[in-house]
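Spelled out from the first residue to the last, the chains are:
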Amino acid sequence: MSREQLHEDLKRYFGYSEFRQGQQEIIEDVLEAKDVLGILPTGSGKSLCFQLPALLQSGVTVVVSPLISLMVDQVRQLKVKGVKSVTALNSFMEVKERAAVLNSLPNYRLIYLSPEILQNSRVAAKLKELHVNLFVIDEAHCISQWGHEFRTDYLKLNEMIKELGDPPVLALSATATPEVQQDIKIQLNRPHMVPHIYKMDKPNMSFEVEYLEDPGEKIERIKTILSNQPAPTMIYFSSRSAAEKVAEELWLTMDQRVAFYHGGMENIDRLLVQQQFMNDELDVVCCTSAFGMGVDKPNIRRIIHYHFPGQIESFIQEIGRAGRDGKPCASLVLHTHRDHYLPQLLIEKELPKNEDAARVFHWFDRNERLLSDEEMLETLQLSDSQWNFIKFHLGKSGVITRNNIEIKENWKVIQAELLNRLQERWNYKNSKYKQMINWLFYDGCRRKMLYSPFQSEVRSPQAGCCDYCGSFMKDLHIPQKEVSRAQYSSWEARLRAIFLQEPSDG
Amino acid sequence: MFEAILLKCIQSLRGERSISGIFHLIQGKRSSQTLQDAKIYNIDLFFATAPSIKKEQVEEAVVRMAAKGWVYINEEKIPVIREEGHQVLNNSTIETRHYLNGMTLHKHVNVFEKRLRLLIQTITRTNLKDFSFIPIEDDIETQRWVKYIYRNCSAEEMITNLHNELYTLLLAIDKLEAELFTARITGGRVTGRTKAQLASRYDLSKEDVDLYVRHTFYYLLQSTLNAPQSYKALFMCAEGLEGSNLITASAKQTHHLLTGGYTLEQICNRRRLKISTIQDHIVEAALVVPDFDISTFVSADHQAEIAQALNLVNSNKLRELYEAMEKRFDYFQLRLVKARLNYGDKEVGSYVSRTTS
Ligand SMILES: Nc1ncnc2c1ncn2[C@@H]1O[C@H](COP(=O)(O)OP(=O)(O)OP(=O)(O)O)[C@@H](O)[C@H]1O
Ligand SMILES: [Mg+2]
Ligand SMILES: [Zn+2]
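Heads up: these notes are all about the structure in this document.

Conventions and cut-offs
Counting of residues starts from 1 at the beginning of each chain's written sequence and follows it residue by residue. Just so you know, chain letters begin at A and ligand numbers begin at 1, following the order they were written in. Owing to the predicted nature of the model, reporting of local features is limited to residues with pLDDT of at least 70; listing and counting of side-chain atom pairs is limited to 80 or more, with chain, interface and lining totals taken over all residues. Side-chain numbers here rest on the full set of heavy atoms in the structure, without hydrogens or water. Here a strand is any run of E in DSSP of at least two residues, a helix any run of H or I of at least four, and the numbering for each starts at the N terminus. Under the scheme applied here, a residue whose accessible area is under 20% of the maximum for its type counts as buried, over 50% as exposed, and between as partly exposed, the area being computed with a 1.4 Å probe on protein chains only. Proximity criterion: a residue is near a molecule or strand once any of its heavy atoms comes within 4 Å of it. For the purposes of these results, a polar contact is taken to be a pair of N or O atoms within 3.5 Å, where, inside protein, one atom must be able to donate a hydrogen and its partner to accept one; residues adjacent in sequence count only when each atom of the pair is a side-chain atom. Throughout, the Shrake-Rupley method with a 1.4 Å probe supplies accessible areas, and for residues the shown protein chains are the sole cover considered. Here a strand pair is declared whenever DSSP counts at least two bridges between the two strands. Whether a crossover is right-handed comes down to one check: with the strands pointing away from the viewer, does the path from the first strand over the helix to the second run clockwise; if it does, it is right-handed. Note that water is not among the atoms used; donors are N, O and S atoms within 2.8 Å of the metal (3.2 Å for Na, K and Ca), so sites may look incomplete. Stacked, tilted and edge-to-face pairs are distinguished by plane angle, under 30 degrees for stacked and over 60 for edge-to-face with tilted covering the rest, among Phe, Tyr and Trp rings (Trp via its six-membered ring) whose centres lie within 6.5 Å.

With that settled, the discussion passes to unusual backbone geometry. All names here are of chain A. A positive phi is found at Leu 500, a non-glycine position, where the angle reads about 55 degrees. By secondary structure assignment, the location of Leu 500 is in the segment after α21 (491-498). A relative accessible area of 23% means that Leu 500 is categorised as partly exposed.

Here it is as structure tokens:
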């Protein structure tokens, strides 16, 4: 296919006049049925790299995506663009709805799936009847144990790919170190994937970190920054209650529109906050990491970390929400000595401890079959991720197949092995955590340091660089009038606005 | 409003039911125990009026009210109302005037609310040429319904009509409720506020925000059903919910037998139900069935007489009416006339505290 033709198709299907960096190169290789590994910065337009080929090729494109809201959003947006032959299958769908989609699967060109639903035998059987000619793994770092978000179900993808007749594979990520990139190829069994690795730094973003003696100072710092000028801002927290508390405080004391967002809210309210933010009806969202992936708002200008995450990769994902329009934006991390224990506590919750493992083996001694996952959690007093870890490793070493406990001898060896894995994981998580801490305390250019695990150089910044180099969030240039601040004087006025009864303002 | 409803329940339950009982009632648990309690203690209006409530929220509210001296917790851990509580309750809209009617209407209000929310969003967003909005309701049934309406009606006309109808109806209620309601709706370039946002903004509890908004939906639905001609666009959202559909299945059966010529006693025998239950059914029917004739129970003359007295008494308390009419009519007859009067009355859509005593 000629370059002109490709441009025309881009215009026709998506209305864009230019490809962004990397898109055309990746799409060309995909269309030639090569296996491709694409590493591009957050917000750079990775989705297009499989959406366009899906429309240009015959057969079906299957996309595995870790987050349901992400899939649903992309399907919706494609439908708006007039692409009707697209659907998403996930385990939260109503039975009737899912059956309907399953039965009409051959009608679709692009099918989004959660990794969990691929494990469903009915779904797998239906997929095998189709001619899949592109298999996409979005957020592909989830495949690697060394990726920041390891999902055991991602590991089963390579079997599925085989069963689907070994179609070409496209793996995409914005946060994969060279070792993770290597691991993706190994896990997928595709050592010869064509790498399209681009610099993942964001030239339009500046970085600032501030250590505070007293946790109470954080809110004061935030108020000072916000009072400069309203602009779309996200503030990240590691706990729901902190997000709520600070949102309330900011709302009460500042003339700005503030809301909180976290996983514990009712669905409709989550949707409303997201929509208000997208519509520029909110200035500030205080959120947990539940608000993040999938938020594709062009004009977020500030990302403030009230709590910092446990690793650099998560941090990069989170700041990746800002400046997706390419205009200047800034990141600020506020931390006190107290925060330095928080991520460690979270790691503890995530990984089983030695005594947890001992409890599991003790239970295995007296049982033949596993119970359902929920019952196992209940009986063994484990968290979701703790049980997943154990199950995954015991599955790998053949102790359990499906739900049967196969091996009962050699306990000692197996146990020792599991403990080794556990230790490895601990060390890994801790080293990631140290990397994050080191960055916070780094005395040098933060931009260079932040991206150093991923690439040897960074591009030169377009706006400010970092606090070390003399740029601060307060100096961020925010174009005026970017945010319309409609206020309604009465319910009558609001009602008129809802029903478009106002004389239009142009 | 939340606390007033709890007070009302605590008062009506007379220390005979635990906090769990109250929780199940307002949350709308469909167990025979809960349904019976609602009827027997005459608090069925509040059934399922707080469907998303958690038990802890009820418990915390009771503790709060105990601290304020409105109730106390007896040895059996059951809340009992105090004099202060009575006073608070008497001054609240729950005793004076409200439109909640959970047992009969909660499902319909639920459907009505979802349809209205999504319809408003759909017709106004598409009018702005935005076809990519995130639907505010993800319920498939509701989406199908809205799609159908959208295809078959003129959006322009609907926008104007809905605006005017809502405006008229909201003008007639408390300003706070009108504000909360409009703030919660999504449409045009305006996105609805969350419960938490409104609670902060108006210094209310989240439970109250929820209840006020739901109460307004009750009000809108009943006003619409009472005067379909005046509220054509809103009435569309109540499509399929009107008439005898509104009453419970059991009441429907009673109504059916009644129109078949059976007497009250015959129906009681046939259905093996208490006479009071059958009477409830008949009152329900009187309230919602358009051409329901009550003259077999109260003659036309007597209806006129009672209606007149009702105006004079100027109270919603049946007992006062009962006394004022020198006990010549029984409560059932009074309720029937009231229900009938309320039918077709634009403003009073519901029968309120029908046997407060
Ligand atoms: N060629 C293009 N021209 C203009 N806009 C584009 C182009 N390609 C993509 N976009 C827009 O860029 C935005 C980000 O795209 P997308 O969500 O695919 O990013 P991403 O790389 O997947 O980010 P993340 O890592 O956060 O998932 C979208 O709003 C998309 O419509
Ligand atoms: Mg993406
Ligand atoms: Zn720098």
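What follows is about the site of ligand 1. Residue and element names in this part refer to chain A. Taken together, 17 residues lie around ligand 1, and Tyr 16, Gly 43, Lys 46, Ser 47 and Asp 296 are the ones closest in. Contact between ligand 1 and Glu 18: a nitrogen atom at 2.9 Å from a main-chain N or O atom of the residue. Ser 44 places a main-chain nitrogen or oxygen 3.3 Å from an oxygen atom of ligand 1. When the free accessible area of ligand 1 is taken as 640 Å², the share hidden by the protein chains comes to 80%.

Attention now moves to the pairing of strand β12 (residues 302-305) of chain A. Residues and elements named next belong to chain A. A two-sided burial pattern is seen for β12, the buried positions comprising Arg 302 and Ile 304 on one face and Ile 303 and His 305 on the other. Pairing geometry for strand β9 (residues 233-236) and β12, over four bridges, is parallel. Each bridged residue has a counterpart across the sheet, and for Met 234 the counterpart in β12 is Ile 303. Note: β12 against strand β13 (residues 329-335), four bridges, orientation parallel. Counterpart to Ile 303 in the pairing with β13 is Ser 331. In this fold, β12 hands off to helix α14 (residues 312-319), which returns the chain to β13; that crossover is right-handed.

Bringing the coordination of the zinc ion (ligand 3) into the picture now. When four donors bind a metal tetrahedrally, each ideal donor-metal-donor angle is 109.5 degrees, and when six bind octahedrally, the ideal angles are 90 or 180 degrees. Residues and elements named next belong to chain A. Summarising the metal site, the zinc ion (ligand 3) is bound by the protein donors Cys 445 (SG), Cys 465 (SG), Cys 466 (SG) and Cys 469 (SG), whose distances to it range over 2.2 to 2.4 Å. All donor residues of the zinc ion (ligand 3) come from one chain, and their arrangement in sequence is C-x19-C-C-x2-C. In this pair, Cys 445 is assigned in the loop between α19 (411-440) and α20 (446-451) and Cys 466 in the loop between α20 and α21, connecting sequence segments 21 residues apart. On the basis of relative accessible area, Cys 445 is assigned to the buried category, the value being 11%.

Enumeration over the complete set of coordinates arrives at 16 aromatic pairs over all chains. Between Phe50(A) and Tyr112(A), the aromatic rings sit 6.2 Å apart at their centres with planes inclined by 70 degrees, giving edge-to-face as the arrangement. Residue Phe50(A) is found in helix α3 (residues 48-56), and its partner Tyr112(A) is found in strand β4 (residues 110-113); the two are separated by 62 residues along the sequence. Classification of Phe50(A) by relative accessible area gives buried; the value is 0%. Residues Trp491(A) and Tyr167(B) carry aromatic rings whose centres are separated by 5.8 Å and whose planes lie at 40 degrees to one another, so their mutual orientation is tilted. Placement of Trp491(A) in helix α21 and of Tyr167(B) in helix α9 (residues 155-171) is noted, with the two residues assigned to different chains.

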